[in-house]
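# Descriptive structure summary
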Amino acid sequence: MTVLATRLPLGLARAGGWGATTVLLPHRPVVDELTGAEHAGGETRVADLLDRYPVALLRSSS
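Our subject in this report is the structure included herewith. Model, not experiment: these values are computed from the prediction.

### Describing the nonpolar core
Core analysis: the biggest nonpolar cluster contains 9 residues, these being Leu-4, Val-23, Leu-25, Val-30, Val-46, Leu-49, Leu-50, Ala-56 and Leu-58. Elements represented by at least two residues in this core include exactly helix H2 (46-49) and strand S6 (55-60). Apart from the residues lying within four places of it in its own chain, the contact partners of Ala-56 are Thr-2, Val-3, Leu-4, Asp-32, Leu-49 and Leu-50.

Okay, here's the thing in structure tokens:
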């Protein structure tokens with residue numbers, strides 16, 4: 001399982017958000033346990049992973 005969490009979200013929002021920041025996930029599909037959103041894995045935009053909540057709990061879906 002991979003966990004992502006936002007630190008200092010108000011400062012991040014004032015700075016314009018995540019922008020083009022990415023994270024390298026395992027090269028296989030993952031699903032966010034909190035939202036049910038599926039992601040392809042590999043290099044993934046943090047803004048896409050944290051678009052609903054400031055935290056993501058990602059597990060391999062295959």
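### A short note on the environment of Leu-24
Tracing the backbone through its elements, the reader meets Leu-24 in strand S2 (residues 22-24). Take Leu-24: its relative accessible area is 62%, and that puts it in the exposed class. Measuring from C-alpha to C-alpha, the distance between Leu-24 and Ala-56 comes to 14 Å, with 32 residues separating the pair along the chain.

### Describing the side chain of Thr-44
Mapped onto the elements of the fold, Thr-44 is located in strand S5 (residues 43-45). On the basis of relative accessible area, Thr-44 is assigned to the buried category, the value being 9%.

### Points about the side chain of His-39
Position of His-39 relative to the elements: it lies in strand S4 (residues 38-39). The exposure class assigned to His-39 is buried, which follows from its relative accessible area of 15%. What His-39 contacts, discounting residues up to four positions off in sequence, is Pro-29, Val-30, Asp-48, Leu-49 and Leu-58.

What counts and how
- Residues numbered from 1 in each chain as written.
- Predicted model: local features only at pLDDT ≥ 70, side-chain atom pairs only at ≥ 80, totals over all residues.
- Heavy atoms only, no water.
- Core = buried A, V, L, I, M, F, W, Y, C linked by side-chain atoms within 4.5 Å.
- Buried < 20%, exposed > 50% of the residue type's maximum accessible area, 1.4 Å probe, protein only.
- Helix = DSSP H or I, 4+ residues; strand = E, 2+ residues; numbered from the N terminus.
- Contact = heavy atoms within 4.5 Å.

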